Amino acid sequence: MSAPPKAHATHGAAAAATGHDSEHPHHIASAALFLRVLIALLILTGITVGSSRIDFGGANMLISMVIACIKASLVIAIFMHVWWDTAINKIFFLGSFLFLSLLFTFTLADYATRGRDEQMHRIKAPVDKQWVHLPVTGKQEH
Amino acid sequence: MSNDHDSHAVVLPAPGPEFLPHTVAHHFDTSEQEFQAAKLGFWLFLATEILLFGGLFAAYFYFHENYPETFKRGGAQLNWILGALNTTVLLISSWTMAMGVRSAQTSQKRKMLLYLGLTALGAVTFLVVKFFEYKAKYDHGLMPGRFFTDEHGLMGDVPFAPQFFSIYFTATGLHGLHVLVGLCLILWIIKGGARGRFHANYYLPVDLVGLYWHLVDLIWIFLFPLLYLVP
């Protein structure tokens, strides 16, 4: 993504942040920029579909998620005007992704430290017995 | 003092005869304050939406890592061409919505109504395509949880096959509900816009509905590759 065209920086963001300009305090993006973003989004969708047909092994997930993140960034920055929005609005919205990363981090940490697939079929409590300080009755074995 | 009860309300003039003036709600001092307060509240709401869908994405990644073959096979049952079509429809409708907001900002009433109408059309198209996709899954018994019958044995004997369809229907169902809500909001904006409520001096509702619609697009950007093109 190239830097937004020159006119944008001066017009809206600064005035809106200080609240001085009462006539046109908000940024208006150019129609040409919106069209370019749409074309980029459609091309990236094509790349997503194309790359899914090629087997990159474990990298397929990474590739499709990186492309999705680029597309999401374009939508957020340009279509949702976050690029020109006030600092507080940026913090509120982009902050949600910080909390999202907490959710993902702890979920994946849980996944990484639990018993593997084949054990999970057999035991009811997927916790390694050595960490359970209760008398093991063997009840959970069929 | 500005909060004196005798002080008359702030009225934003209509920029032309086809528009209506906007009276700023009495508890705001300026239109800018009204605009920023509503906007901040809406961003906070959108943040909760991100976290709502985030839970579903976390569930997806967890089960995908545990049973990759189930997800590969499940994803292969979905029609990726219809999925790609819906992706394109949503991306274009997101663009028409951005242009609709822009037309409101520049007081171009007819252009705004045209773009918003196209956006509503995109929402309807998405829902119609989704309906036929759901119907195909229903016909094959590829339903979530205990409703899973898989009459044609499409899923073979992969473990926890109903789990994929539980995630598929929950994620796309919740997303589809958002499309439906978005459609109603867009129609509401068109109604007000036709009366001339929105123009350069006051376009807040158009802006907020636009943000909502872009969020719907944003979530689909992730759902499409994860469900239809299971990596």
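Rules and cut-offs
Residues numbered from 1 in each chain as written. Chains lettered and ligands numbered in written order. Predicted model: local features only at pLDDT ≥ 70, side-chain atom pairs only at ≥ 80, totals over all residues. Helix = DSSP H or I, 4+ residues; strand = E, 2+ residues; numbered from the N terminus. Contact = placed C-beta atoms within 7 Å. Nonpolar A, V, L, I, M, F, W, Y, C, P; charged D, E, K, R; others polar. Buried ≥ 20, exposed ≤ 12 C-beta atoms within 10 Å, placed from the backbone. pLDDT = per-residue confidence, 0-100. Axes fitted to C-alpha atoms, helices over the stretch in contact; angles between N-to-C directions. Parallel < 35°, antiparallel > 145°, perpendicular 65-115°, else oblique. Left-handed = near helix turned anticlockwise from the far one by under 90°.

### Here's the deal with the overall build of chain A
When its secondary structure is counted, chain A shows five helices and zero strands. In chain A, the order of α-helices and β-strands from amino to carboxyl end is α-α-α-α-α. The contacts of chain A with a sequence gap of at least 6 include a subset with a gap of at least 24, amounting to 43%.

### What about the interface of chain B and chain A?
Opposite the 36 residues of chain B that make contact, chain A presents 40 residues. Going through the elements one at a time, α1 (31–66), α3 (80–105) and α6 (204–228) of chain B are the ones with two or more residues in the side of chain B that touches chain A. Tallied by class, residues from the side of chain B that touches chain A come to 22 nonpolar, nine polar and five charged.

### A short note on the environment of B:Leu82
All names here are of chain B. Relative to the assigned elements, Leu82 resides in helix α3. The class for Leu82 is partly exposed, based on 15 C-beta atoms found within 10 Å. The contacts of Leu82, once residues within four sequence positions are left out, are Val129 and Glu133.

### Brief notes about the confidence of the model for chain A
Detailed reading of the predicted coordinates is not advisable wherever pLDDT is low. Summarising the model, chain A shows a mean pLDDT of 77, and 63% of its residues fall at 70 or more. When the criterion is pLDDT under 50, residues 1–23 of chain A qualifies, and its contacts beyond four places in sequence or with other chains add up to 25 contacts.

### Observations concerning the packing of α3(B) against α6(B)
Residue and element names in this part refer to chain B. It is at 9 Å that the axes of α3 and α6 come closest, and there the two elements cross at 160°. Relative to α6, the element α3 is oriented roughly antiparallel. Here α3 runs over α6; the crossing is left-handed. Facing α3, whose interface residues are Trp80, Gly83, Thr87, Leu90, Leu91, Ser94, Met97, Ala98, Gly100, Val101 and Ala104, α6 presents Val206, Asp207, Gly210, Trp213, His214, Asp217, Trp220, Phe224 and Tyr228. Here the residues of the contact of α3 with α6 sort into twelve nonpolar, six polar and two charged.

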